[in-house]
Amino acid sequence: MATSKVLAGAQVVLPTGTLTDGRVIVDGSRIAGSTPADAETVDLTGHWVVPGFVDIHNHGGGGASFTSGTVDDVLKGVHTHRLHGTTTVVASTVTGEMDFLAQRAGLLSELAEQGDIAGIHFEGPFISPCRKGAHSEALLRDPDPADVRKLIDAARGQAKMVTLATELPGGIDSVRLLAEHGVIAAIGHTDATYEQTVEAIDAGATVATHLYNAMPALGHRAPGPIAALLEDERITVELINDGTHLHPAAFELAYHHAGAGRVALITDAMDAAGFGDGRYMLGPLEVEVKDSVARLVEGGSIAGSTLTQDRAFKRSVTIDGLAVGDVVRAISANPAKLLGMYDRVGSLEPGKDADLVVLDADFDLKGVMRKGEWVVEPF
């Protein structure tokens, strides 16, 4: 059972700003507004305390796959990312046969109902063969609203997001269907024009799946989807800040154009995250991870990442020079709001789950708490 604690002396990042020599009061599984009489004091002088990270696009970790693993495998992957500060994770699938994906949705929905994951993200099969990335072209299909509905129904209310190439036949109608059911329609793995992307946004799409990756490059005569997604205030852009998926200049362009309120830092992690180099399966495709970079054995396309959110946080502050408060918005608050969970997670406020991360002065992870229990003890 969680006990009462006062985390004292740290720089505490709140929605209203950063408290120097701040305190976070934990009572049971939640953040409290007043100190219980029996509270234990934990001295975190010289450290930062930030909200637990929220990852809306993650395929696995610790050698385990959310797409094909057993229940124990999925839980192993979830725990691996918790060790790196991600206290809330959406399980992402990759392209597969419709019946298989519906079956996976059933398994994952049970874990979501238990609170182990925050829901399901279907990345594929409704994506463009021109921009398939690490997805099996033989299994791709147009986003027929009936097929999209099948996956939503199989998820039993736990479908959080579907990535679509909205320019394909049925794409716009599927966006409308998703919006009607309260599921995020994400534009990604797309070969859309600027105009087609605007049409999809107007139909209800609200997220750009790993911006820049698996879509046409920004052009000065044919701006394509990137310009449309960056300029529209209704869109939150996912960014994979691992130094491989994005050049620092491209990251900076997106971050500063969209603003801190419209960026969600994601990992797009696959099995090798938190595990190591070697050969893995991503759906039906074989992946080789070398020097922490995942690529398809056949063709060499980047195949997800081995990123963990603690590394994304540190890189954003120490290499990209972003303000700590802005990184907290991008890695915690913004994704929590997208998921409709900001009343419970995404910031350090009384009444919310006691999900938090302790970082040292160099922004290296030193502690992780989830619902009042230490996953990683700071000392």
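Our structure is the block above this text.
The following refers to the structure shown. Only a predicted model underlies this, so the values are computations on that prediction, with no experimental measurement involved.

When helices and strands are counted, the protein chain shows nine helices and 21 strands. Along the first, second and third principal axes, the C-alpha set of the protein chain runs to 60 × 45 × 40 Å. Among the 379 residues that make up the protein chain, the fraction classed as buried is 58%. Within the protein chain, counting contacts between residues at least 6 apart in sequence, those at least 24 apart form 69% of the total. Only carbon and sulfur atoms are counted for the fraction: they give 48% of the accessible area of the protein chain, which is about 14,400 Å².

Before going further, it helps to examine helix α7 (residues 248-258). Of all the residues in α7, the buried ones are F251, A254, Y255 and A258. All buried residues of α7 lie within an arc of 95° about the axis, which places them on one face of the element. Positive backbone phi, at 90°, marks G259, one or two positions downstream of α7.

Relative to each other, helix α5 (residues 194-203) and helix α6 (residues 224-231) sit at 40°, their axes nearing to 7 Å. Classified by the interaxial angle, the pair formed by α5 and α6 is oblique. Like other packed secondary-structure pairs, α5 and α6 cross with a definite hand, here right-handed. Where α5 approaches α6, its residues Y194, T197, V198 and I201 are matched on the opposing element by G224, P225, A227, A228, L229 and E231. Split by residue class, the contact of α5 with α6 holds seven nonpolar, two polar and one charged.

Checked against the element boundaries, T80 lands in helix α1 (residues 71-82). Judged by its relative accessible area of 11%, T80 is buried.

Quick look at the pairing of strand β20 (residues 365-370) now. Here is the key point about a regular strand: its side chains alternate between the two faces of the sheet. For β20, the tally of buried residues reaches five of six residues, placing the bulk of the element in the interior. Here strand β19 (residues 356-359) pairs with β20 via four bridges, running antiparallel. What sits directly across from L359, in β20, is L365. Here β19 hands over to β20 after five residues, with F363 in that stretch at a positive phi of 70°.

Here we come to empty space enclosed by the protein. Tallied over the full model, the rule gives one cavity of 30 Å³ or more. Estimates place the volume of the largest cavity at around 30 Å³. In terms of lining residues, the largest cavity is bounded by P51, G52, V54, T87, T88, V345, G346, S347, D353 and D355. Class assignment of the residues belonging to the lining of the largest cavity gives a composition of three nonpolar, five polar and two charged.

On the basis of which strands lie adjacent, the open sheet formed by three strands has the order β16-β17-β18 and antiparallel pairing. Looking at the sheet topology across the chains shown, the edges are occupied by β16 (278-282) and β18 (293-296). Strand-to-strand twist across the sheet, computed as the mean angle between neighbouring axes with direction ignored, equals 35°. With five bridges joining them, β16 and strand β17 (residues 285-290) adopt antiparallel strand pairing. Within the sheet, the bridge partner assigned to Y280 lies in β17 and is V287.

Moving on, we come to the pairing of strand β12 (residues 184-187). Here β12 shows no split at all, with I184 and A186 on one side and A185 and I187 on the other all buried. Pairing of strand β11 (residues 159-164) with β12, which is carried by four bridges, proceeds in the parallel orientation. Within the sheet, the bridge partner assigned to V162 lies in β12 and is A185. Handedness of the crossover is the feature at issue here: the chain leaves β11, passes through helix α4 (residues 171-180), returns alongside β12, and the resulting connection is right-handed. Bridging between β12 and strand β13 (residues 207-208) involves two bridges; their strand directions are parallel. Considered in β13, the bridge of I187 is made with A208. Crossover handedness for the path β12 to α5 to β13: right-handed.

Cut-offs used in this document
Residues numbered from 1 in each chain as written. Predicted model: local features only at pLDDT ≥ 70, side-chain atom pairs only at ≥ 80, totals over all residues. Heavy atoms only, no water. Helix = DSSP H or I, 4+ residues; strand = E, 2+ residues; numbered from the N terminus. Buried < 20%, exposed > 50% of the residue type's maximum accessible area, 1.4 Å probe, protein only. Contact = heavy atoms within 4.5 Å. Areas by Shrake-Rupley, 256 points an atom, 1.4 Å probe, with all protein chains shown as cover. Arc of directions from axis to C-beta. Axes fitted to C-alpha atoms, helices over the stretch in contact; angles between N-to-C directions. Parallel < 35°, antiparallel > 145°, perpendicular 65-115°, else oblique. Left-handed = near helix turned anticlockwise from the far one by under 90°. Nonpolar A, V, L, I, M, F, W, Y, C, P; charged D, E, K, R; others polar. Pairing = 2+ DSSP bridges. 1 Å grid on protein atoms, 1.4 Å probe; cavity = no way out; pocket = protein on both sides within 12 Å on 5 of 7 lines; lining within 4 Å. Points joined across faces, edges and corners; volume = space filled by probe spheres on them. Right-handed = clockwise from strand over helix to strand, strands pointing away.

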